[in-house]
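The residues making up each chain are set out below.
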Amino acid sequence: MVAKTYTGEDIQVLEGLEPVRRRPGMFIGGTGKPGLHHLLWEIVDNAVDEATNGYATNIDVTLHKDGESITVSDNGRGIPVDKHPTKKIPTLELILTTLHAGGKFDNSNYITSGGLHGVGASVVNALSEEMIAIVKRDGGTFEQRFARGFPITKLKKTSSKTRRTGTTIFFRPDHEIFNSTTFDGEWIRELLEVKTFLNGDLRIVFRDETSDSKYEFQHEGGISEYLEHLIKSLGVRPIHEQPFLLCQEKLQDGSRLELVIQWTEATQEHVKSYVNGIATEDGGTHEQGFRDAVRSAVRAYMDTHDLLPKNLEVAADDIREGIVAVVNLYMVEPQFQGQTKEKLNNPDARALVSGALRIELEKYLNKHPSTGEAIVTRVIQSARARHASRAAATSVRRKSQVSHRLNLPGKLADCSSTDPSESEIFIVEGDSAGGSAKQGRDRKTQAILPLRGKVLNAEQATLKKVMENKELSHVVQALGCGIGEHLDLSKLRYHKVILLMDADADGHHITTLLLTFFYRYLRALIDEGYVYLAQPPLYRVDAAKKTYWALDDDDRDAIVKKLQKANRNIKIEQQRFKGLGEMMPATLKSTTLDPEKRRLLRVSIAHEDKLVTEKTISELMGKDASARFKFIMKHASEVDELDV
Ligand code: 0R9
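Note that the coordinates shown come from a computational prediction; the quantities given were computed from them, not determined experimentally.

Rules behind the numbers
- Residues numbered from 1 in each chain as written.
- Predicted model: local features only at pLDDT ≥ 70, side-chain atom pairs only at ≥ 80, totals over all residues.
- Heavy atoms only, no water.
- Axes fitted to C-alpha atoms, helices over the stretch in contact; angles between N-to-C directions.
- Helix = DSSP H or I, 4+ residues; strand = E, 2+ residues; numbered from the N terminus.
- Parallel < 35°, antiparallel > 145°, perpendicular 65-115°, else oblique.
- Contact = heavy atoms within 4.5 Å.
- Nonpolar A, V, L, I, M, F, W, Y, C, P; charged D, E, K, R; others polar.
- Buried < 20%, exposed > 50% of the residue type's maximum accessible area, 1.4 Å probe, protein only.
- Pairing = 2+ DSSP bridges.
- Phe/Tyr/Trp six-rings, centres within 6.5 Å; stacked < 30°, edge-to-face > 60°.
- Lys NZ or Arg CZ within 6 Å of the ring centre and 35° of its normal.

*Asks:* Looking at this structure, I do not really get the packing of helix 12 (residues 431–440) against helix 18 (residues 585–593). What am I missing?
*Replies:* How two helices pack is summed up by the angle between their axes together with the distance between the axes. Two numbers describe how helix 12 lies on helix 18: the axes approach to 8 Å, and their chain directions differ by 80°. Judged on the interaxial angle alone, helix 18 and helix 12 are roughly perpendicular. The residues of helix 18 that touch helix 12, namely those facing Ala 433, Ser 436, Ala 437, Gln 439 and Gly 440, are Pro 585, Leu 588, Lys 589 and Leu 593. Of the residues belonging to the contact of helix 12 with helix 18, the class tally is five nonpolar, three polar and one charged.

*Asks:* Even after reading the chapter, I still don't get the environment of Leu 96, so can you show me in this structure?
*Replies:* Relative to the helices and strands, Leu 96 resides in helix 4 (residues 91–97). When its relative accessible area of 0% is taken as the criterion, Leu 96 is described as buried. Dropping the residues within four chain positions of it, Leu 96 is found in contact with Leu 17, Ala 121, Ser 122, Asn 125, Met 131, Ala 133, Phe 146 and Gly 149.

*Asks:* It is not clear to me how the sheet that holds strand 21 (residues 539–543) should be interpreted in this structure. Could you clarify?
*Replies:* Where strands meet in a sheet, backbone hydrogen bonds hold them as pairs that are either parallel or antiparallel. Sheet architecture is open: three strands sit in the order 22-21-23, paired in antiparallel fashion. One side of each edge strand has no neighbouring strand; the edge strands of this open sheet are strand 22 (546–550) and strand 23 (572–576). In this sheet, neighbouring strand axes are inclined to one another by 20° on average, regardless of whether the strands run parallel or antiparallel. Sheet topology places strand 21 next to strand 23; five bridges connect them, and they run antiparallel. Bridge pairing links Ala 543 to Ile 572 in strand 23. Here helix 17 (residues 553–566) sits on the sheet and contacts strand 21, strand 22 and strand 23; the angle it forms with strand 22, its principal contact strand, is near 150°.

*Asks:* Even after reading the chapter, I still don't get the packing of aromatic side chains, so can you show me in this structure?
*Replies:* A full pass over the atoms with the stated rule returns 10 aromatic pairs. With a centroid separation of 5.6 Å and 75° between ring planes, the pair formed by Trp 41 and Trp 187 is classed as edge-to-face. Taken together, the positions of Trp 41 in helix 3 (residues 33–52) and Trp 187 in helix 6 (residues 185–198) put the pair 146 residues apart, joining distant regions of the chain. Judged by relative accessible area, which is 30%, Trp 187 ranks as partly exposed. Plain terms: the ring middles of Trp 549 and Phe 577 are 6.2 Å apart, the flat faces sit at 25° to each other, and that makes the pair stacked. Of this pair, Trp 549 sits in strand 22 while Phe 577 is found in the loop between strand 23 and helix 18, placing the two residues 28 residues apart along the sequence. Under the relative-accessibility criterion, Trp 549 is labelled partly exposed at 30%. An aromatic cluster is defined as three or more aromatic residues linked by ring pairs; in this entry it consists of Phe 197, Tyr 226 and Tyr 274. Positioned above the aromatic ring of Tyr 330, the side-chain terminus of Arg 256 is 4.1 Å from the ring centre.

Encoded structure:
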């Protein structure tokens, strides 16, 4: 692969780095441990990009003795140091001090990471107390230092007798930004090894000075070796000899697909998917394409050879049971979504992957009938086991349902499913909101519990008082898992407990009281990640036949501003919801209830002694800052410390 040669003009300049320091979460997903490590992945990915494109073969990573600073270097071409034609500063400085300044590479040639990754080394610089960049290039060694995104020296030539080329970046994350600035050597080691599996030509040396260890990774066998490694670490046996390997170099628009599959005795499916060498933990369209293709190729094979016993219904899950696979897609401009942006969102990727894989896999099965038959035998086994266990589970459930149902509060509109993992309960304020929610819900998986009266402040109350409070005792009955020391999570009837309150001060107040109650008496539900806050919109904005939903005033202002920017005379209508009860059931459904469209905040307790939602409670608290909300959050944790 050949990248276009760089010239200064290829750099597009956007803006300075203040936004990064102001809202780091927007750029690195958060300021906890994952956010901290994101800085490193970012720098490593830049070096790996240079290797993937054929210019670098070695990457060195050193976690320094203090555990809080890192050096990464590659032996690629070196980041260009020439002066940018209009900005009149060296490209290196530009790259490290401006947001979104990146090479405008010829897309079909130079595949960069993109997404949350690929936000650029400048983001790392902005969030580091100290950064030193050293470039060897054009016969010289150049060095420049930075602090919190600003240059503190000019680019200096420190030697002019350098034969090698490459880039070295040292950085020390800013303790003002991160909760902790201590890196996890083990995590780094694992990630680096995976990079070398995905890139068979690459050699990475990792020095962990905190434990005086040195690791060298190179896996010339690439993803096949990775698969072997995965299967070994899962401790399962493959059910056929040769893994199926697919390397499609030239897919549409310069995309490239590498994947390897082997069926094993594992009772689950283990798929590791990547886009441009970056893990997509939450899957996405490429993984969907992979699943589609496996299903239809195996089905087609079974049909062609008439291998299925009569009357046996085979589900997609049966076909994929025991699969261990690595899927690595290289594509231009990947779009990611999800809280941690680890889900590929490009619609085309689905057909791209499934198209490439389906035919090849079916061909392979036809060509290797012993493998094909081993797989089909495995599939049939899994289908039979599933039918058997389902029949058993249904009879158990029927029995337990009767007794369970007896204790449920009358106001509860329960869901029909009895499988907690797919069931949700919305705890809703007021009867009219409850009515809208009941009409807008999915009866199968969503239960609604309206609360009418006052919720007791569990902070100052005894357990007896709590159980005397009608609203709270209804919550306990509906959840089915008991309370306090009698809590039994295996009896919990819903794995999502969602508080749905009005987006106003009263709503926050009730949310606070309920969270306090959960925190004191149902803490395990929070720890297990079962408690969520719904986010109903506060405004509806209509313009040019389109409807927009705003969570708060800022959100609405932003929408209005954007619309007006696009069209100064646009007619905009706004509606503020006084309460959820005012919302049409269909609206409530599409904005707040529907799992496909809604956004939930998961409630969790952060490492520090604060109750926070994962997505950043500051977002929530900042929004309609009821001081009370903040106070109780803090207070709850103080009580916790006393308890311990
Ligand atoms: C230690 C981590 N490594 C890096 O961050 C790194 C970035 C980088 C790079 C180029 C080469 N090596 C790199 N290492 C590069 C060079 C050229 C063109 N594109 C990329 C060239 O010589 O023509 N760059 C990443 C972005 C940029 N360079 C650019 F935007 F400045 F061009």
